[in-house]
Amino acid sequence: MGLFEGKKGLVLGIANNFSIAWAITQKLHEQGAEMAFTHLPDGERPKNENKVRKLVDPIGAKFVMPCDVCDDAHIEAVMEKTAAEFGKIDFILHSIAFAPPADLTGPTYACSRKGFGLAMEISAYSLLAVSGAAKKAGILNEGASILTLSYFGGEEVIPGYNLMGICKAALECCVRYLASELGPSGTRVNAISAGPLRTVSSSGVGDFDKMQLVNAAMAPLRRNLDADEVGSMGMVMLSKLSSAITGEVVHVDCGF
Ligand code: NAD
(Lines give C-alpha, C1' and ligand atoms only; values in the text may rest on other atoms or scores of the structure.)
Protein backbone atom coordinates (compact mmCIF):
# COMPACT_ATOMS: atom_id res chain seq x y z
CA MET A 1 0.00 0.00 0.00
CA GLY A 2 1.34 3.45 -0.96
CA LEU A 3 2.20 6.07 1.63
CA PHE A 4 -0.46 8.38 0.20
CA GLU A 5 -3.36 5.89 -0.07
CA GLY A 6 -6.45 7.84 0.99
CA LYS A 7 -4.51 11.13 1.07
CA LYS A 8 -5.57 14.17 -0.91
CA GLY A 9 -3.85 17.37 -1.85
CA LEU A 10 -3.51 20.49 -3.94
CA VAL A 11 -0.61 21.17 -6.30
CA LEU A 12 0.08 24.74 -7.41
CA GLY A 13 2.86 25.41 -9.91
CA ILE A 14 3.01 22.89 -12.74
CA ALA A 15 3.84 24.73 -15.98
CA ASN A 16 5.10 21.75 -18.01
CA ASN A 17 6.90 18.41 -17.70
CA PHE A 18 10.12 20.13 -16.54
CA SER A 19 8.41 21.76 -13.54
CA ILE A 20 9.63 20.72 -10.10
CA ALA A 21 5.96 20.43 -9.08
CA TRP A 22 5.53 17.77 -11.77
CA ALA A 23 8.55 15.81 -10.50
CA ILE A 24 6.99 15.80 -7.01
CA THR A 25 3.49 15.05 -8.36
CA GLN A 26 4.72 11.90 -10.09
CA LYS A 27 6.16 10.58 -6.82
CA LEU A 28 2.95 11.44 -4.95
CA HIS A 29 0.92 9.65 -7.61
CA GLU A 30 3.13 6.55 -7.37
CA GLN A 31 2.31 6.50 -3.66
CA GLY A 32 -1.44 6.70 -4.25
CA ALA A 33 -2.21 10.41 -3.66
CA GLU A 34 -5.36 11.94 -5.07
CA MET A 35 -4.66 15.46 -6.34
CA ALA A 36 -6.11 18.63 -7.82
CA PHE A 37 -4.08 21.18 -9.76
CA THR A 38 -4.00 24.85 -10.64
CA HIS A 39 -2.45 26.59 -13.63
CA LEU A 40 -1.66 30.16 -14.54
CA PRO A 41 -4.82 31.68 -16.09
CA ASP A 42 -4.88 31.70 -19.88
CA GLY A 43 -5.70 34.40 -22.41
CA GLU A 44 -7.93 33.48 -25.32
CA ARG A 45 -6.32 30.09 -25.92
CA PRO A 46 -6.07 27.58 -23.07
CA LYS A 47 -2.33 27.05 -23.52
CA ASN A 48 -1.41 26.77 -19.85
CA GLU A 49 -4.42 24.65 -19.00
CA ASN A 50 -3.71 22.28 -21.91
CA LYS A 51 -0.07 21.80 -20.84
CA VAL A 52 -1.13 20.93 -17.30
CA ARG A 53 -4.06 18.73 -18.35
CA LYS A 54 -1.86 16.74 -20.71
CA LEU A 55 0.19 15.70 -17.67
CA VAL A 56 -2.38 15.40 -14.92
CA ASP A 57 -5.53 14.09 -16.61
CA PRO A 58 -3.88 10.71 -17.26
CA ILE A 59 -3.07 10.41 -13.54
CA GLY A 60 -6.67 11.08 -12.51
CA ALA A 61 -6.62 14.76 -11.50
CA LYS A 62 -9.67 15.46 -9.36
CA PHE A 63 -9.93 18.94 -10.93
CA VAL A 64 -7.80 21.49 -12.75
CA MET A 65 -8.53 25.18 -12.44
CA PRO A 66 -6.87 28.55 -13.03
CA CYS A 67 -5.26 30.45 -10.17
CA ASP A 68 -3.26 33.65 -10.29
CA VAL A 69 -1.84 33.99 -6.79
CA CYS A 70 -1.98 37.78 -7.15
CA ASP A 71 -5.76 37.51 -7.00
CA ASP A 72 -7.41 36.67 -3.67
CA ALA A 73 -10.66 35.73 -5.43
CA HIS A 74 -8.79 33.05 -7.43
CA ILE A 75 -7.22 31.60 -4.28
CA GLU A 76 -10.56 31.62 -2.49
CA ALA A 77 -12.25 29.89 -5.45
CA VAL A 78 -9.60 27.15 -5.34
CA MET A 79 -10.23 26.58 -1.64
CA GLU A 80 -14.01 26.47 -2.19
CA LYS A 81 -13.64 23.95 -5.01
CA THR A 82 -11.26 21.91 -2.87
CA ALA A 83 -13.74 21.85 0.01
CA ALA A 84 -16.56 20.84 -2.35
CA GLU A 85 -14.59 18.08 -4.13
CA PHE A 86 -12.37 16.72 -1.38
CA GLY A 87 -13.78 17.93 1.92
CA LYS A 88 -10.42 18.08 3.71
CA ILE A 89 -6.92 17.68 2.31
CA ASP A 90 -3.60 16.42 3.63
CA PHE A 91 -1.09 18.49 1.69
CA ILE A 92 -0.47 21.59 -0.39
CA LEU A 93 2.50 21.91 -2.74
CA HIS A 94 3.36 25.56 -3.51
CA SER A 95 5.92 25.65 -6.32
CA ILE A 96 5.58 29.18 -7.63
CA ALA A 97 7.93 32.07 -8.32
CA PHE A 98 8.16 34.97 -10.72
CA ALA A 99 10.13 38.19 -11.22
CA PRO A 100 9.89 40.50 -14.22
CA PRO A 101 12.92 39.66 -16.43
CA ALA A 102 14.17 43.26 -16.51
CA ASP A 103 14.22 43.34 -12.70
CA LEU A 104 15.69 39.87 -12.30
CA THR A 105 18.63 40.13 -14.66
CA GLY A 106 20.01 43.44 -13.47
CA PRO A 107 21.79 44.14 -10.18
CA THR A 108 19.38 44.29 -7.21
CA TYR A 109 20.06 48.03 -6.72
CA ALA A 110 18.61 48.67 -10.18
CA CYS A 111 15.39 46.71 -9.81
CA SER A 112 12.20 48.74 -9.98
CA ARG A 113 9.89 49.35 -7.03
CA LYS A 114 7.05 47.76 -9.01
CA GLY A 115 9.10 44.73 -10.08
CA PHE A 116 10.31 44.18 -6.53
CA GLY A 117 6.73 44.28 -5.25
CA LEU A 118 5.44 41.87 -7.86
CA ALA A 119 8.31 39.41 -7.39
CA MET A 120 7.79 39.42 -3.62
CA GLU A 121 4.02 39.09 -3.98
CA ILE A 122 4.19 36.05 -6.26
CA SER A 123 7.30 34.38 -4.86
CA ALA A 124 6.90 34.93 -1.10
CA TYR A 125 3.59 36.51 -0.08
CA SER A 126 1.62 33.92 -2.05
CA LEU A 127 2.68 31.20 0.41
CA LEU A 128 1.10 33.21 3.24
CA ALA A 129 -2.00 33.89 1.13
CA VAL A 130 -2.50 30.26 0.10
CA SER A 131 -1.84 28.89 3.60
CA GLY A 132 -4.13 31.48 5.18
CA ALA A 133 -6.93 30.78 2.70
CA ALA A 134 -6.66 27.03 3.31
CA LYS A 135 -6.83 27.57 7.06
CA LYS A 136 -9.78 29.95 6.73
CA ALA A 137 -11.62 27.45 4.53
CA GLY A 138 -11.08 24.77 7.19
CA ILE A 139 -9.82 22.26 4.64
CA LEU A 140 -6.59 21.15 6.33
CA ASN A 141 -6.68 17.75 7.99
CA GLU A 142 -4.83 17.20 11.28
CA GLY A 143 -1.21 16.47 10.30
CA ALA A 144 -1.44 18.35 6.97
CA SER A 145 1.82 19.35 5.30
CA ILE A 146 2.53 22.47 3.24
CA LEU A 147 5.69 22.53 1.13
CA THR A 148 7.32 25.27 -0.92
CA LEU A 149 10.47 25.47 -3.07
CA SER A 150 13.48 27.66 -2.37
CA TYR A 151 17.07 28.06 -3.50
CA PHE A 152 20.41 28.65 -1.74
CA GLY A 153 20.57 32.16 -3.25
CA GLY A 154 18.20 33.16 -0.43
CA GLU A 155 20.89 32.36 2.15
CA GLU A 156 24.09 33.52 0.45
CA VAL A 157 24.80 35.76 -2.53
CA ILE A 158 24.74 33.76 -5.76
CA PRO A 159 25.67 36.11 -8.62
CA GLY A 160 22.85 36.17 -11.18
CA TYR A 161 20.14 35.09 -8.73
CA ASN A 162 19.73 38.72 -7.62
CA LEU A 163 16.17 39.78 -6.80
CA MET A 164 14.97 36.17 -6.55
CA GLY A 165 17.52 35.61 -3.77
CA ILE A 166 15.84 38.36 -1.77
CA CYS A 167 12.44 36.75 -2.45
CA LYS A 168 13.71 33.34 -1.33
CA ALA A 169 15.06 34.80 1.93
CA ALA A 170 11.57 36.21 2.56
CA LEU A 171 9.93 32.93 1.52
CA GLU A 172 12.08 30.91 3.93
CA CYS A 173 11.18 33.32 6.72
CA CYS A 174 7.48 32.92 5.80
CA VAL A 175 7.97 29.15 6.20
CA ARG A 176 9.24 29.62 9.76
CA TYR A 177 6.46 31.99 10.84
CA LEU A 178 3.78 29.83 9.23
CA ALA A 179 5.21 26.72 10.89
CA SER A 180 5.05 28.45 14.25
CA GLU A 181 1.53 29.76 13.72
CA LEU A 182 -0.04 26.68 12.10
CA GLY A 183 1.85 24.09 14.16
CA PRO A 184 -0.56 24.22 17.13
CA SER A 185 -3.40 23.14 14.83
CA GLY A 186 -1.28 20.28 13.49
CA THR A 187 -0.12 21.72 10.16
CA ARG A 188 3.53 21.48 9.13
CA VAL A 189 5.21 23.99 6.79
CA ASN A 190 8.59 23.37 5.14
CA ALA A 191 10.70 24.29 2.15
CA ILE A 192 13.00 22.30 -0.08
CA SER A 193 16.02 24.26 -1.22
CA ALA A 194 16.73 22.60 -4.55
CA GLY A 195 19.90 22.71 -6.61
CA PRO A 196 19.71 24.30 -10.08
CA LEU A 197 17.45 22.44 -12.54
CA ARG A 198 16.56 23.63 -16.03
CA THR A 199 12.88 24.73 -16.07
CA VAL A 200 10.87 27.65 -17.49
CA SER A 201 11.55 29.70 -14.34
CA SER A 202 15.26 28.98 -14.10
CA SER A 203 15.81 29.88 -17.75
CA GLY A 204 14.97 33.47 -16.72
CA VAL A 205 17.82 33.53 -14.20
CA GLY A 206 20.97 35.19 -15.54
CA ASP A 207 24.09 33.00 -15.26
CA PHE A 208 21.96 29.86 -14.79
CA ASP A 209 24.46 27.77 -16.79
CA LYS A 210 27.25 29.01 -14.52
CA MET A 211 25.17 28.09 -11.46
CA GLN A 212 24.94 24.52 -12.72
CA LEU A 213 28.64 24.40 -13.58
CA VAL A 214 29.63 25.72 -10.15
CA ASN A 215 27.25 23.30 -8.42
CA ALA A 216 28.69 20.32 -10.28
CA ALA A 217 32.27 21.43 -9.60
CA MET A 218 31.88 22.38 -5.93
CA ALA A 219 29.08 20.27 -4.46
CA PRO A 220 30.34 17.39 -2.32
CA LEU A 221 28.68 14.93 -4.69
CA ARG A 222 30.36 16.68 -7.68
CA ARG A 223 27.26 16.61 -9.84
CA ASN A 224 23.97 18.33 -10.48
CA LEU A 225 20.63 17.25 -9.17
CA ASP A 226 18.18 15.05 -11.02
CA ALA A 227 14.54 16.22 -10.99
CA ASP A 228 13.60 12.77 -9.73
CA GLU A 229 15.62 13.41 -6.56
CA VAL A 230 13.74 16.57 -5.65
CA GLY A 231 10.56 14.66 -6.55
CA SER A 232 11.33 11.98 -3.97
CA MET A 233 12.19 14.40 -1.20
CA GLY A 234 9.11 16.48 -1.99
CA MET A 235 7.01 13.37 -1.53
CA VAL A 236 8.76 12.62 1.78
CA MET A 237 8.24 16.17 3.08
CA LEU A 238 4.53 15.97 2.28
CA SER A 239 4.18 12.53 3.87
CA LYS A 240 4.00 11.20 7.42
CA LEU A 241 7.67 10.14 7.04
CA SER A 242 8.53 13.75 7.93
CA SER A 243 5.86 14.09 10.62
CA ALA A 244 8.18 15.75 13.17
CA ILE A 245 9.76 18.21 10.73
CA THR A 246 8.37 21.73 10.44
CA GLY A 247 9.76 25.22 9.86
CA GLU A 248 12.67 23.58 8.06
CA VAL A 249 14.55 24.26 4.83
CA VAL A 250 15.81 20.92 3.54
CA HIS A 251 18.63 21.19 1.02
CA VAL A 252 18.30 18.81 -1.91
CA ASP A 253 21.31 20.06 -3.85
CA CYS A 254 24.03 17.36 -3.80
CA GLY A 255 25.44 19.01 -0.66
CA PHE A 256 26.26 22.40 -2.20
P1 NAD B 1 8.35 26.42 -13.41
O2 NAD B 1 8.42 27.59 -14.31
O3 NAD B 1 8.06 25.11 -14.01
O4 NAD B 1 7.34 26.69 -12.22
C5 NAD B 1 7.03 27.99 -11.75
C6 NAD B 1 5.53 28.08 -11.63
O7 NAD B 1 5.12 29.33 -11.08
C8 NAD B 1 4.84 27.95 -13.00
O9 NAD B 1 3.91 26.89 -12.98
C10 NAD B 1 4.09 29.28 -13.13
O11 NAD B 1 2.86 29.17 -13.82
C12 NAD B 1 3.87 29.63 -11.67
N13 NAD B 1 3.50 31.05 -11.49
C14 NAD B 1 4.21 32.15 -11.83
N15 NAD B 1 3.49 33.25 -11.54
C16 NAD B 1 2.31 32.83 -10.99
C17 NAD B 1 1.14 33.49 -10.51
N18 NAD B 1 1.03 34.82 -10.51
N19 NAD B 1 0.11 32.73 -10.02
C20 NAD B 1 0.20 31.38 -10.03
N21 NAD B 1 1.27 30.69 -10.48
C22 NAD B 1 2.32 31.42 -10.96
O23 NAD B 1 9.80 26.38 -12.70
P24 NAD B 1 10.34 25.55 -11.45
O25 NAD B 1 11.81 25.65 -11.55
O26 NAD B 1 9.68 24.25 -11.35
O27 NAD B 1 9.91 26.50 -10.23
C28 NAD B 1 9.13 26.02 -9.15
C29 NAD B 1 9.69 26.58 -7.85
O30 NAD B 1 10.97 25.98 -7.62
C31 NAD B 1 9.93 28.08 -7.85
O32 NAD B 1 9.62 28.60 -6.58
C33 NAD B 1 11.42 28.17 -8.10
O34 NAD B 1 11.98 29.37 -7.64
C35 NAD B 1 11.88 26.99 -7.28
N36 NAD B 1 13.25 26.52 -7.54
C37 NAD B 1 13.66 26.24 -8.79
C38 NAD B 1 14.96 25.80 -9.00
C39 NAD B 1 15.45 25.49 -10.38
O40 NAD B 1 16.66 25.48 -10.59
N41 NAD B 1 14.58 25.23 -11.33
C42 NAD B 1 15.83 25.64 -7.91
C43 NAD B 1 15.38 25.92 -6.64
C44 NAD B 1 14.07 26.37 -6.45
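Up top you'll find the structure we're talking about.
From a predicted model like this one, the values you see are computed outputs, not experimental measurements.

We now examine the packing of aromatic side chains. The final tally for this structure, using the stated rule, is four aromatic pairs. Seen from their ring centres, F63 and F86 are 6.3 Å apart, and the 40 degrees between their planes marks the pair as tilted. With a gap of 23 residues between them, F63 in the loop between α2 (47-56) and β3 (64-66) and F86 in helix α3 (residues 72-86) connect regions that are remote in the sequence. Note on accessibility: F63 and F86 belong to one class, buried. Here the guanidinium or amino end of K81 rests over the ring plane of F63, the centre of that ring lying 5.5 Å away.

This brings us to the layout of surface pockets. Estimates place the volume of the largest pocket at around 1200 Å³. For the lining of the largest pocket, the secondary structure elements donating two or more residues are β2 (34-39), α2, α4 (101-105), α5 (113-137), β5 (140-150), α6 (162-182) and α7 (208-218). It is α2 that contributes the most residues to the lining of the largest pocket, three residues altogether. Residue composition of the lining of the largest pocket, by class: 28 nonpolar, 13 polar and three charged.

Neighbouring the ligand are 27 residues; S19, I20, L197, T199 and S201 lie closest to it. Within the contact set of the ligand, an oxygen atom lies 3.4 Å away from a backbone nitrogen or oxygen of A15. If the ligand stood free it would expose 810 Å²; the protein chains cover 92% of that surface. The cavity where the ligand resides is the largest pocket. Classifying every residue of the shell around the ligand gives 17 nonpolar, eight polar and two charged.

Let us look at the packing of α5 against α6. Where α5 meets α6, the closest approach of the two axes is 9 Å, and the angle between their N-to-C directions is 15 degrees. The angle between the axes of α5 and α6 places the two elements in the roughly parallel class. The way α5 lies across α6 gives a crossing that is right-handed. Residue-level inspection shows G115, F116, A119, M120, S123, A124, L127, L128, S131 and K135 of α5 in contact with α6, the latter providing L163, M164, I166, C167, A170, L171, C174, V175, L178 and L182.

On to α2, then. Listing the buried residues of α2 in full gives V52, L55 and V56. Along α2, the residues classed as buried sweep out an arc of 85 degrees about the axis, all on the same side. Buried positions along α2 lie against α1 (20-30), β2 and β3.

Moving on: the sheet that holds strand β1 (residues 8-12). Spatially, β3-β2-β1-β4-β5-β6-β7 is the arrangement adopted by the seven strands of the open sheet, whose pairing is parallel. Pairing within the sheet leaves two strands with one partner each, and these edge strands are β3 and β7 (249-252). Neighbour-to-neighbour, the strand axes of the sheet open up by a mean angle of 20 degrees, direction not taken into account. Bridging between strand β6 (residues 188-194) and β7 involves four bridges; their strand directions are parallel. Paired with S193 across the bridge in β7 is H251. Running over the sheet, α1 touches β1, β2, β4 (89-94), β5 and β6 and is turned about 165 degrees from β2. Packed on one face of the sheet, α2 meets β2 and β3 and runs near 165 degrees to β2.

Side chains that differ in charge, positive against negative, can pair when their charged atoms come close. Applying the stated criterion across every chain, the model contains eight salt bridges. Two residues, D209 and R198, come together in a salt bridge whose shortest N-O distance is 2.3 Å. Here the residue D209 occupies a position in helix α7, and R198 occupies one in the loop between β6 and α7, the gap between them amounting to eleven residues. Given the relative accessible area of 43%, R198 is considered partly exposed. Here the salt bridges share partners, and the residues they tie into one network are E49, R53 and D57.

Rules behind the numbers
Residues numbered from 1 in each chain as written. Predicted model: local features only at pLDDT ≥ 70, side-chain atom pairs only at ≥ 80, totals over all residues. Heavy atoms only, no water. Phe/Tyr/Trp six-rings, centres within 6.5 Å; stacked < 30°, edge-to-face > 60°. Helix = DSSP H or I, 4+ residues; strand = E, 2+ residues; numbered from the N terminus. Buried < 20%, exposed > 50% of the residue type's maximum accessible area, 1.4 Å probe, protein only. Lys NZ or Arg CZ within 6 Å of the ring centre and 35° of its normal. 1 Å grid on protein atoms, 1.4 Å probe; cavity = no way out; pocket = protein on both sides within 12 Å on 5 of 7 lines; lining within 4 Å. Points joined across faces, edges and corners; volume = space filled by probe spheres on them. Nonpolar A, V, L, I, M, F, W, Y, C, P; charged D, E, K, R; others polar. Near = heavy atom within 4 Å. Polar contact = N/O pair within 3.5 Å; in protein donor to acceptor, adjacent residues only side chain to side chain. Areas by Shrake-Rupley, 256 points an atom, 1.4 Å probe, with all protein chains shown as cover. Sits in = over half its atoms within 2 Å of the grid points. Axes fitted to C-alpha atoms, helices over the stretch in contact; angles between N-to-C directions. Parallel < 35°, antiparallel > 145°, perpendicular 65-115°, else oblique. Left-handed = near helix turned anticlockwise from the far one by under 90°. Contact = heavy atoms within 4.5 Å. Arc of directions from axis to C-beta. Pairing = 2+ DSSP bridges. Salt bridge = Lys/Arg side-chain N within 4 Å of Asp/Glu carboxyl O.

Distances and angles like these do not, on their own, reveal function.
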